[in-house]
Amino acid sequence: MSISRTAADERRPLSVLVVDDDFRVAGLHSDIVAETPGCAVAGVARSTDEALAAAGRAEAPVDLALVDLYLPDRPGLELLRALPCDTFVLSAAAEGRTVRTALAAGALAYLIKPFAPEALAARLRGYARYRQLTAAETLDQEALDDALAALRGGGAGGRRSATAAHTVTRELVLGAVQDAAGPLSAGEVAALVGVSRATAQRYLADMVGRGLLRMRLRYGAAGRPEQEYRAP
């Protein structure tokens, strides 16, 4: 549900709230918002309660919330239904049922993590265009079609997008290990970054080979030892 804007509001940048409990990811998304013309960061919320409080401030209305579905207090799907603004979902949740539920709850876009920074920037530019096209009191079908196309269009694709997504994932994996208080297993890194264990393992092995990380075996009470990773 979109907050209506007055004529004065139309002159201000679109206010975007970043909702993610991972401070590294939230920082990356905030930087992309800040660098997108016509958009401004309204703030960062790390839970559903923080997001609802931020979006409910009458003196600082939020136009768009970028919502991760994995939040510590309540499911992000509940937040989508409760927020009084437009929403994009940015999440590692890739199940078809989850995607359909999020879109039915009103999400205007759904980006599966990890994604290229340009993919989010393109969706934000499309959203700004969508808001411009739907600012009129009445729309004809052509204007409506153009507005909806703006939301869908402009997505990054091809080799450039894949390379950018690789870079983002690599930085997140490396940052997770460097910021940890102790060594982490591939499964622990995967949970922090929001990727599969196999993907995390692949990036970790590459960074060990490059000398960016070190690996050693973690021995438990029983079973095979597990590889764990730390900064040099």
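Residues numbered from 1 in each chain as written. Predicted model: local features only at pLDDT ≥ 70, side-chain atom pairs only at ≥ 80, totals over all residues. Heavy atoms only, no water.

J.: So, the nonpolar core: which residues are in play, and what are the values?
T.: Judged by nonpolar contacts, the single largest core of 23 residues is most densely connected at Leu64, Leu66, Phe88, Leu90, Leu120, Leu124 and Tyr127. Put simply, the parts of the chain that give this core at least two residues each are strand S1 (14–19), helix H1 (23–35), strand S3 (64–67), strand S4 (86–91), strand S5 (109–112), helix H5 (117–133) and helix H6 (141–152). Of all the elements, H5 adds the most residues to this core, at seven residues. Beyond its immediate chain neighbours, meaning those up to four positions away, Leu66 contacts Val16, Leu17, Val18, Val19, Val33, Phe88, Leu90, Leu120 and Leu124. (Core = buried A, V, L, I, M, F, W, Y, C linked by side-chain atoms within 4.5 Å. Buried < 20%, exposed > 50% of the residue type's maximum accessible area, 1.4 Å probe, protein only. Helix = DSSP H or I, 4+ residues; strand = E, 2+ residues; numbered from the N terminus. Contact = heavy atoms within 4.5 Å.)

J.: Please set out the pattern of salt bridges residue by residue, giving values where relevant.
T.: If you walk through the whole model with that rule in mind, you get 13 salt bridges. Measuring nitrogen to oxygen at the nearest pair gives 2.6 Å for the salt bridge that ties Lys113 to Asp20. Taken as a pair, Lys113 in the loop between S5 and H5 and Asp20 in the loop between S1 and H1 lie far apart in primary sequence, 93 residues in all. In this pair, the class of Lys113 matches that of Asp20, namely buried. In this structure, Glu228 and Arg216 form a salt bridge, with 2.5 Å as the shortest nitrogen-oxygen distance. Of the two residues, Glu228 sits in strand S8 (residues 226–230) while Arg216 sits in strand S7 (residues 214–218), which places them twelve residues apart along the sequence. (Salt bridge = Lys/Arg side-chain N within 4 Å of Asp/Glu carboxyl O.)

J.: Break down the packing of H5 against H6 for me, citing the residues and quoting the values.
T.: Direction vectors running N to C along H5 and H6 enclose 165 degrees, while the axes themselves pass 7 Å from each other. If you check the angle between H5 and H6, you find them roughly antiparallel. For the pair H5 and H6, the sense of crossing is left-handed. Along the contact surface, H5 presents Arg123, Gly126, Tyr127, Arg129, Tyr130 and Leu133, while H6 presents Ala143, Asp146, Ala147, Ala150, Leu151 and Arg152. (Axes fitted to C-alpha atoms, helices over the stretch in contact; angles between N-to-C directions. Parallel < 35°, antiparallel > 145°, perpendicular 65-115°, else oblique. Left-handed = near helix turned anticlockwise from the far one by under 90°.)

J.: Please set out the environment of Pro84 residue by residue, giving values where relevant.
T.: Mapped onto the elements of the fold, Pro84 is located in the loop between helix H3 (76–82) and S4. Under the relative-accessibility criterion, Pro84 is labelled partly exposed at 27%. For the pair Pro84 and Leu64, spaced 20 residues apart in sequence, the C-alpha to C-alpha distance is 9.2 Å.

J.: Account for unusual backbone geometry, naming residues and giving values.
T.: Most peptide bonds take the trans configuration, and most residues that are not glycine carry a negative phi. For the bond from Lys113 to Pro114, the omega torsion is -5 degrees, close enough to zero to count as cis. Along the chain, Pro114 falls in the loop between S5 and H5.

J.: Explain the packing of helix H8 (residues 186–193) against helix H9 (residues 197–209) to me, using residue names and the numbers behind them.
T.: When two helices pack together, their arrangement is given by the angle between the helix axes and the distance between those axes. With their axes 8 Å apart at the nearest point, H8 and H9 run at an angle of 110 degrees to one another. Our classification of the angle between H8 and H9 gives roughly perpendicular. Contact residues: Ala186, Gly187, Val189 and Ala190 in H8; Arg197, Ala200, Gln201 and Leu204 in H9. Its residues assigned to classes, the contact of H8 with H9 comprises five nonpolar, two polar and one charged. (Nonpolar A, V, L, I, M, F, W, Y, C, P; charged D, E, K, R; others polar.)

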